[in-house]
Amino acid sequence: MHIPNNPVIICRDKSALMEESYQSITRSRAKSDASDASQARSAQARAKLISRCLALLCVGVAVLAWVALAEVLQNLQMKDKEGNTYSKPMFLCFCIRTTYTLCFLPYVLWKFTPIGGAGRRDPEPFSAAYMFSRGCILNTLGYLSAYTWYMSLPITSVSANTAIYMCACAAVFLISIPVLREKITVIKVLSLLVCCTGIVLVSLYSNPEKKDIIPQNTTFTDNLWDVSGPENKTSGSVLGYILVLVSMFLYAAYEVFYGYMLQTDQDKHPVMTSLKLIGYLGLSTPLLFGIALPIWHFTGWETLQLPPPDKVELFLLSVLLDTTFNTFLLLAIALSNPTLASVGQSLALPASMVADLILHHFLMPWPALIGAGCVFLGFCGFVYAELKPEETVAVVAEDQEGLLEGEESPPPPYEQESSFSSGEPETRAVVVA
């Protein structure tokens, strides 16, 4: 071992040693925190992506059910040989909403059979009393919305009625801002404006009345450049438009408060919770509106009458399709949010146009086609806004990366208590003989 001829006193500032140690510990902790935060962000983004994809799948099923329902209702309400039609909105609403009780079936199979796996033993976030009471409130909103909409159909024009009712996505967005703390972004607002513009174009230029007067030898392209309205078009009454506006806002409130009542961080199975709540909607229908049927019958507002024998199958099919539509729409809300589900519902308009082209060989005029493109473009823009990563996550990541790159960290906690803050640093001497 080499020993120097003269002793050397190696002096080192004690604060520098402590500072270096503190910086080392800080960087190690920052690196660990950044790794944990990165994993948490990845898991959260993956879960959100899966949830939104499932919601979009539910929206697709709901749109298909809506298109099929429109065709069935058209045949159900067609005049028979005697010129009579079957129009019983109160009875139809009652049957449809009572059928929601069938949603208890998948919930029971999941909860009380081995099909549910280990997840069926997880505690549920809401009690039965909570679900039933909230189901009564939601059912009242939904039932009144459906009934007022059926009442508005005979006294409004079809195009204006559709335009007003389908613009419920805008009302859902406005109500969601104070109730669900919906974030207002430029992309969302522009997407809603484009979507509503498309809805108006499709509704005004679709001319559904003309499908009944198209000659048999007409090709499906004959109406492409025909942008004139149908003759003798019914403009509707003020009462009819008041009813459809009331129906639209009630339905918007129904969707928003459905999402609000399911808000919780403790629900590990939102689909099953949603099915259970939908089941309570069906269970509460006879209790809330069962008395309304005899009242409507004896007062003469709507005579209680079963559909004629040749339309029983269409009646049952309409009930099943309407139940499917509402069930999957509410599942989409549970998996995402009411605004996304409501914007997705507007895709029923371009989907109906495709159905008209395939089933009736009828092509809408070009303004309606542009409107359908606007609806689809607005929907895609809103989906992009929903899947876009949040800016706050990026800010947190930048802060953590800054620590890893060696930016100045906060002062160590021991500096305020150190005795060398007076300006004369303490030294320690190591004498090497």
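See the structure printed just above.
In this report, the structure presented in the accompanying data block is examined. (Residues numbered from 1 in each chain as written. Predicted model: local features only at pLDDT ≥ 70, side-chain atom pairs only at ≥ 80, totals over all residues. Heavy atoms only, no water.)

1. What about the overall build of the protein chain?
What counts, and what does not: In this text, helices come from DSSP runs of H or I with a minimum length of four residues, and strands from runs of E with a minimum of two, each type numbered from the N-terminal end. Exposure classes here rest on a 1.4 Å probe applied to the protein chains alone. A residue is buried below 20% of its type maximum, exposed above 50%, and partly exposed in between. Throughout, a residue-residue contact means that at least one pair of heavy atoms, one from each residue, lies within 4.5 Å. Exposure was quantified through the Shrake-Rupley algorithm and a 1.4 Å probe, taking into account, for residues, occlusion by the shown protein chains and nothing else.
Assigned secondary structure in the protein chain consists of 15 helices and 2 strands. Looking at the protein chain as a whole, 42% of its 433 residues qualify as buried. Residue pairs at least 24 apart in sequence account for 86% of intrachain contacts in the protein chain once pairs closer than 6 positions are excluded. Carbon and sulfur atoms make up 65% of the accessible area of the protein chain, which totals about 24100 Å².

2. Remarks on the packing of aromatic side chains
Formally: Paired rings are identified among Phe, Tyr and Trp, the last through its six-membered ring, by centres lying within 6.5 Å, and are further divided according to the angle between planes into stacked (under 30 degrees), edge-to-face (over 60) and tilted (the rest).
Counted under the stated rule, the structure contains 14 aromatic pairs. Each ring, one from Phe 126 and one from Tyr 130, has its centre 4.9 Å from the other, and the planes form 10 degrees; the classification is stacked. Plain terms: the ring middles of Trp 296 and Trp 301 are 5.0 Å apart, the flat faces sit at 80 degrees to each other, and that makes the pair edge-to-face. What links up through ring pairs into an aromatic cluster is the set Trp 149, Tyr 150, Tyr 165, Tyr 251 and Tyr 254.

3. Observations regarding unusual backbone geometry
Phi at Arg 181 takes a positive value of approximately 55 degrees, unusual for a residue other than glycine. Following the sequence through the fold, Arg 181 ends up in the loop between helix H6 (168-179) and helix H7 (186-205). For Arg 181, a relative accessible area of 67% puts it in the exposed group.

4. Digging into the nonpolar core
What tends to happen in soluble globular proteins is that the nonpolar side chains get buried as a cluster. Quick note on the threshold: For the purposes of this section, nonpolar cores are sets of buried Ala, Val, Leu, Ile, Met, Phe, Trp, Tyr and Cys residues that join through side-chain atoms within 4.5 Å.
If you look at the biggest cluster of nonpolar residues, it comprises 83 residues, and the most contacted ones within it are Tyr 258 and Phe 315. Here this core takes 11 residues from helix H1 (residues 14-76), the largest share from any one element. Among residues more than four places away in sequence, those in contact with Phe 315 are Leu 76, Tyr 86, Phe 91, Leu 92, Cys 95 and Pro 307. Counting residues in each nonpolar core, the second largest holds 7 residues, with Ala 168, Leu 180, Ala 252 and Val 256 among its members.

5. Details of helix H13 (residues 348-359)
For the record, the criterion: Take the residue count of a helix, subtract one, and multiply by 1.5 Å to get its expected span.
When the terminal C-alpha atoms of H13 are compared, their 16 Å separation across 12 residues agrees well with the 16 Å that a helix rising 1.5 Å per residue should span. Phi turns positive one or two residues past the end of H13, at His 361, with a value near 55 degrees.

6. Points about the environment of Gly 381
Position of Gly 381 among the secondary structure elements: in helix H14 (residues 366-387). Gly 381 sits in the buried class, given a relative accessible area of 17%. In this structure, the C-alpha to C-alpha distance between Gly 381 and Lys 188, residues 193 residues apart in sequence, is 7.1 Å.

7. Here we look at the pattern of salt bridges
Under the convention used in this document: Any Lys or Arg side-chain nitrogen located within 4 Å of an Asp or Glu carboxyl oxygen qualifies as a salt bridge.
Within this structure, the stated rule accounts for 5 salt bridges. One salt-bridge network, held together by shared partners, links Arg 52, Glu 182, Lys 188 and Glu 386.

8. Some thoughts on the side chain of Ser 342
How we decide: Pairs of N or O atoms within 3.5 Å make up the polar contacts considered here, provided that, within protein, one atom can donate a hydrogen while the other can accept it, and that residues adjacent in sequence are counted only when both atoms are side-chain atoms.
Locating Ser 342 in the fold gives a position in helix H12 (residues 338-345). A distance of 3.3 Å separates the side chain of Ser 342 from the backbone nitrogen of Cys 169, its partner in a polar contact. Residues within four places of Ser 342 in sequence aside, it is in contact with Ala 168, Cys 169, Val 172 and Glu 255.

9. So, the state of the cysteines
In a disulfide, the sulfur atoms of two cysteines are held together by a covalent bond. Note the cut-off: Cysteine sulfur atoms are paired as a disulfide whenever they come within 2.5 Å of each other.
Within the structure shown, the criterion is met by 0 disulfides. In this structure Cys 93 is a free cysteine whose sulfur lies 9.5 Å from that of Cys 95, the closest cysteine sulfur available.

10. Here's the deal with the side chain of Thr 285
Along the polypeptide, Thr 285 turns up in helix H9 (residues 270-289). Take Thr 285: its relative accessible area is 0%, and that puts it in the buried class. One polar contact links the side chain of Thr 285 to the main-chain carbonyl oxygen of Arg 97, over a distance of 3.5 Å.

11. Looking at the environment of Gln 305
Structurally, the position occupied by Gln 305 is in the loop between helix H10 (292-299) and helix H11 (312-335). Taking the C-alpha atoms as reference points, Gln 305 and Ser 87, separated by 218 residues in sequence, lie 9.7 Å from one another.

12. Quick look at the packing of H9 against H11
How we decide: Only the stretch in contact is used when fitting a helix axis, every axis being a line fitted to C-alpha atoms; angles between N-to-C directions are given from 0 to 180 degrees. For classification purposes, angles smaller than 35 degrees are called roughly parallel, those larger than 145 roughly antiparallel, those between 65 and 115 roughly perpendicular, and all remaining angles oblique. What makes a crossing left-handed is the near helix being turned counterclockwise from the far one by less than a right angle; a clockwise turn instead makes it right-handed. Here the term charged refers only to Asp, Glu, Lys and Arg, the term nonpolar to Ala, Val, Leu, Ile, Met, Phe, Trp, Tyr, Cys and Pro, and the term polar to all other amino acids, Gly among them.
Running from amino to carboxyl end, H9 crosses H11 at an angle of 135 degrees, the nearest separation of the two axes being 9 Å. Here H9 is positioned oblique relative to H11, judged by the angle of their axes. Note that H9 runs across H11; the crossing there is right-handed. Across the interface between the two elements, Pro 270, Val 271, Ser 274, Leu 275, Ile 278 and Leu 281 of H9 pack against Thr 327, Leu 330, Leu 331, Ala 334 and Leu 335 of H11. Class assignment of the residues belonging to the contact of H9 with H11 gives a composition of 9 nonpolar, 2 polar and no charged.

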